[in-house]
Amino acid sequence: PEGRCGQNDNLPAPVLHHGRAGAASPLMTNALTAADSVLIPLCPEFYSTEGLGDLIRSVLKNKRRLNPDITFEGIVFSRCNLRTNLYRSTRTNVEKAYYGAVRVFQSAIPDTVKVGDAISRGLTVMEYAPDSKASAAYRAFAKELMEHDTQTAATEGSTIHILPDRRTRRVG
């Protein structure tokens, strides 16, 4: 089913082919084959969590057949109302279900009006409202992701380079 999750996020949303349950589209298969890793933005809603299992199975199938080096960066909750029972129960269920297999980031991106306003103007929320709760959450998530990458690189003997345009590159 079509939902609002991912359509207005600054993070890409996974696309599953709806013709066959659990079957990845050719576009998604090609993307997973070319990717180094997968970051999963997840809305704390029923249909999103139902599709999460399909997505993870698709990534693991792709890993077995086409891209043995692909890894999971983790799951980040987005478009969240942090005060609701739905968010808390969904987060708890996802953490239990994927404990030890897929990292669930502590950072969560709140659902705010500023995000929708930014998108309607063709801007990121960081450009449109840098002091908003959503911008602060994206900064916290970016920091958490970078710390995770730095720790992973250190254990793998890799080096992380911060490029002049603030992008990163793992070498080695």
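Refer to the structure presented above.
Residues numbered from 1 in each chain as written. Predicted model: local features only at pLDDT ≥ 70, side-chain atom pairs only at ≥ 80, totals over all residues. Heavy atoms only, no water.

Asks: Provide a residue-level description of the overall build of the protein chain, including the pertinent values.
Replies: Along the protein chain, the regular secondary structure elements total 6 helices and 5 strands. Taken from the N to the C terminus, the helices and strands of the protein chain come in the order α-β-α-β-α-β-α-α-α-β-β. The proportion of buried residues among the 172 residues of the protein chain is 39%. For the protein chain, the share of sequence-separated contacts (at least 6 apart) that also reach a separation of at least 24 residues comes to 61%. A total accessible area of about 10,600 Å² is found for the protein chain, and carbon and sulfur atoms account for 54% of it. (Helix = DSSP H or I, 4+ residues; strand = E, 2+ residues; numbered from the N terminus. Buried < 20%, exposed > 50% of the residue type's maximum accessible area, 1.4 Å probe, protein only. Contact = heavy atoms within 4.5 Å. Areas by Shrake-Rupley, 256 points an atom, 1.4 Å probe, with all protein chains shown as cover.)

Asks: Describe the pairing of strand β3 (residues 104–110), and please don't skip the residues or the numbers.
Replies: Note on strand geometry: in a regular strand, side chains alternate between the two faces of the sheet. Taken across its 7 residues, β3 has 6 buried, putting it largely inside the fold. The sheet contact formed by strand β2 (residues 71–80) and β3 spans 3 bridges and is parallel. Considered in β3, the bridge of I75 is made with V104. Read as a crossover between parallel neighbours, the route from β2 over helix α3 (residues 85–98) to β3 is right-handed. (Pairing = 2+ DSSP bridges. Right-handed = clockwise from strand over helix to strand, strands pointing away.)

Asks: Can you break down the sheet that holds β2 residue by residue, with the values?
Replies: If you walk across this open sheet you meet the 3 strands as β1-β2-β3, and the pairing is parallel. Two strands in the sheet have a free side with no partner beyond their single neighbour: β1 (37–42) and β3. Averaged over all pairs of adjacent strands, the angle between their axes in this sheet comes to 25°, without regard to strand direction. Strand contacts of helix α2 (residues 46–65): β1 and β2, with the helix running at about 175° to β1, the strand carrying the most contacts. (Axes fitted to C-alpha atoms, helices over the stretch in contact; angles between N-to-C directions.)

Asks: For the nonpolar core, give the residues involved together with the corresponding values.
Replies: Generally speaking, a soluble globular protein has its nonpolar side chains buried in company with each other. In terms of nonpolar packing, the biggest core is built from 21 residues, with I40, L52, I75, F77 and V94 touching the most fellow members. Put simply, the parts of the chain that give this core at least two residues each are α1 (26–34), β1, α2, β2, α3 and β3. Here L52 is in contact with I40, L42, I75, V94 and Y98, once residues within four sequence places are set aside. Counting residues in each nonpolar core, the second largest holds 11 residues, with I109, V115, A118 and L145 among its members. (Core = buried A, V, L, I, M, F, W, Y, C linked by side-chain atoms within 4.5 Å.)

Asks: Got a sec to walk through the pattern of salt bridges? Specific residues and values, please.
Replies: Side-chain pairs of opposite charge can arise where the charged atoms are in close proximity. Inspection of every chain in the model, using the stated rule, returns 4 salt bridges. In this structure, R79 engages D111 in a salt bridge whose closest nitrogen and oxygen atoms are separated by 3.1 Å. Of the two residues, R79 is situated in strand β2 and D111 in the loop between β3 and α4 (113–120); the sequence distance between them amounts to 32 residues. Of the charged contacts in the structure, one is a salt bridge between R91 and E95, with a shortest N-O distance of 3.1 Å. With a gap of 4 residues between them, R91 and E95 both fall in helix α3, about one helical turn apart. On the accessibility criterion, R91 (8% relative accessible area) is buried. (Salt bridge = Lys/Arg side-chain N within 4 Å of Asp/Glu carboxyl O.)

Asks: Lay out α3 with the relevant residues and their values.
Replies: Over its 14 residues, α3 runs 20 Å from end to end, which matches the ideal 20 Å to within 8%, given 1.5 Å per residue. Every buried residue belonging to α3 is among Y87, T90, R91, V94 and Y98, and all of these are buried. In a view along the axis of α3, the buried residues occupy a sector of 100°, so they form one face of it. Relative to its buried face, α3 has exposed residues pointing more than 90 degrees away, namely N85, N93 and K96. Those residues of α3 that are buried are in contact with β1, α2, β2 and β3. Note on α3: the residue one or two positions beyond its end, G100, has a positive phi of about 80°. (Expected span 1.5 Å × (residues − 1). Arc of directions from axis to C-beta.)

That's the geometry; what it means functionally is another story.
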